[in-house]
Amino acid sequence: MPNREQPKPWLNYRVNLFIDNSKLEGAPVIMDSSYTFQNIFGKLEYENYMGSLRTDFTMLKPGLIHKANGGYIIFQVEDLLTNPACYENLKRILRVKEISIDNSLEQRNAMVMISLKPEPIPLDLKVILIGNAEIYHSLLNMDPDFRKLFKIKVEFADDAPRTDENIVKLSRFVHGFCEQENLPHLDKNAMARIVEYASRLANDKTKLSTKFNELSQIITEAGTWAQLSRSKIVTEDFINKAIDEKMQRVKKYDEKYSEMIQDNTLLISTSGYEIGQINGLTIMSTGEFSFGKPAKITVSTFVGKSGIINIEREVSLSGSTHSKGVLILNGYIGELFAQDIPLSLSASICFEQLYNGVDGDSASSTELYALLSSLSEVPINQAIAVTGSVNQKGEVQPIGGVNEKIEGFFQVCKTRGLDGSHGVMIPIQNVKNLNLSNEVVEATKNNMFHIYAVSTIEEGIEVLTGVPAGKRDKTGNFPAGTINYLAYEKLKKYANISKKME
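Keep in mind it's a predicted model, so treat the numbers as computed, not measured.

Scoring rules and cut-offs
Residues numbered from 1 in each chain as written. Predicted model: local features only at pLDDT ≥ 70, side-chain atom pairs only at ≥ 80, totals over all residues. Heavy atoms only, no water. Pairing = 2+ DSSP bridges. Helix = DSSP H or I, 4+ residues; strand = E, 2+ residues; numbered from the N terminus. Axes fitted to C-alpha atoms, helices over the stretch in contact; angles between N-to-C directions. Salt bridge = Lys/Arg side-chain N within 4 Å of Asp/Glu carboxyl O. Buried < 20%, exposed > 50% of the residue type's maximum accessible area, 1.4 Å probe, protein only. Right-handed = clockwise from strand over helix to strand, strands pointing away. Contact = heavy atoms within 4.5 Å. Nonpolar A, V, L, I, M, F, W, Y, C, P; charged D, E, K, R; others polar. Arc of directions from axis to C-beta.

1. Quick word on the sheet that holds strand β1 (residues 29-31)
Read from one edge to the other, the open sheet built from 3 strands follows the order β1-β6-β10, with strand pairing classed as parallel. Every other strand in the sheet has two partners, leaving β1 and β10 (126-130) as the edge strands with one partner each. On average, adjacent strands in this sheet sit at an angle of 20 degrees to one another, irrespective of strand direction.

Pasting the structure below:
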């Protein structure tokens, strides 16, 4: 056996500088990407000595909590929750306001240990958890300690007002990002294009998106294209190329849908006039990419008392919001036409060739136009597609995804040949959300494509049919020949038939 090492008494007087804040200005702010237990809460190291593990106070190592003591520590809550022991211990030390080195994990080791139990250190710490709303509400509902320990909630806005000051701040971010990534800098036209793209992401031309990760992806790709072209600066063309390339990589389903429309597998009319038939606009999402495409909506009306039948709902393909939108049509029709006659109507509404379900009320105004067309027997212009929800008073309400919907119908019309008759009808409130591609803007300027903004059903039906909607006069009658007059006469006829059949 080797001779046992003689203890050296002077070693007990060594200093273990646990935390050094001598060069720190202000309170410490700690962030890290390693969320292991020992990295967060510190550890006690050991050395092997003659078959046993031994340690001393110089082997005490601090964790992130010790380094942040007296200041702030920031965690990504999703990463923190992947290690439940870390989350539970964090709550414990926040409750007792003390932090100690926990070596309980090492005690399970089969080797003999000579260990220490350091005294706990008083804790004065602010903990910031960063995560999404889903995680926040899950913790709020499932963890009673969460509400007590984390009392302040701060929500980060997804957008900011599009002011000169914020545009300058965005430009500074872009400049700093290019410096950090060693990318060519943007010229003024390229920066203006980034501002437009930020507004597009915010879905509002009066705002800028704060989703800097998506903006940085475009800047990085545009910078790479510039470097490949041996350009010292990033121009607007490189930004456009980066945006186009990003869309091309994820638009497989969009192209497939377009092919089905082109070869008439999906029946979409973009010319002529039809009764009780209209092109609605839908949004389809494939994760990070959304695209708009037209969907044929048809309405059939006949004698009966079933009211408006939503075929999608009958076969469980209608979401609750869409079903609500269809039921609203009953209220509008009843108030407008059934004040002096009973509403004896059966009407079926269907999204043709749509088999994966439909939700949202953005097609409710579209369905109402087709219903009025079927009742009045006045045909609708198939060159105009429609989006927008409606309330029981006939007011057209704003919807989401207006840019994607317009561009989707534009591509269909462009493929078949623009002739100046094509267009899209949107709610007037969505005008501020318009941030369309240059191709659509140019076609609109040249009167080859049109965007109609309406605020009421009366305005919309006149655009679609070219026939006045008609309002009741002092005697309560609609002007002859108007849409409402013809629809009222049809409903009066239905009411008389139903009365005779009773």
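2. What to know about the pattern of salt bridges
If you walk through the whole model with that rule in mind, you get 14 salt bridges. Note that Asp-145 and Arg-95 form a salt bridge whose closest N and O atoms lie 3.4 Å from each other. You can see Asp-145 sitting in helix α6 (residues 144-149) and its partner Arg-95 sitting in helix α4 (residues 84-96), a full 50 residues away along the chain. By relative accessible area, Asp-145 is classed as partly exposed at 21%. Its relative accessible area of 45% is what places Arg-95 among the partly exposed residues. Between Lys-241 and Glu-245 there is a salt bridge; the shortest N-O distance is 3.8 Å.

3. Considerations on the pairing of strand β24 (residues 423-427)
Most of β24 is tucked away: 5 of the 5 residues are buried. In terms of strand pairing, strand β21 (residues 384-386) meets β24 through 3 bridges, oriented parallel. Paired with Ala-385 across the bridge in β24 is Val-424. Bridge count between β24 and strand β25 (residues 450-454): 5 bridges; the pairing is parallel. Its bridge partner lying in β25, Val-424 is registered against Ile-451. For the crossover that starts at β24, traverses helix α16 (residues 438-445) and ends in the parallel β25, the hand is right-handed.

4. Some remarks on the packing of helix α8 (residues 188-202) against helix α10 (residues 236-249)
Between α8 and α10, the shortest axis-to-axis distance is 7 Å and the interhelical angle comes to 35 degrees. Where α8 approaches α10, its residues Asn-189, Ala-190, Arg-193, Ile-194 and Tyr-197 are matched on the opposing element by Glu-236, Ile-239, Asn-240, Ile-243 and Lys-246. Its residues assigned to classes, the contact of α8 with α10 comprises 5 nonpolar, 2 polar and 3 charged.

5. Quick word on helix α17 (residues 457-465)
What α17 keeps buried is the set Ile-457, Gly-460, Ile-461, Leu-464 and Thr-465. Taken down its axis, α17 places every buried residue within 110 degrees of arc, on the same side. Taken from the residues just after α17, Gly-466 is the one with a positive phi, measuring 75 degrees.

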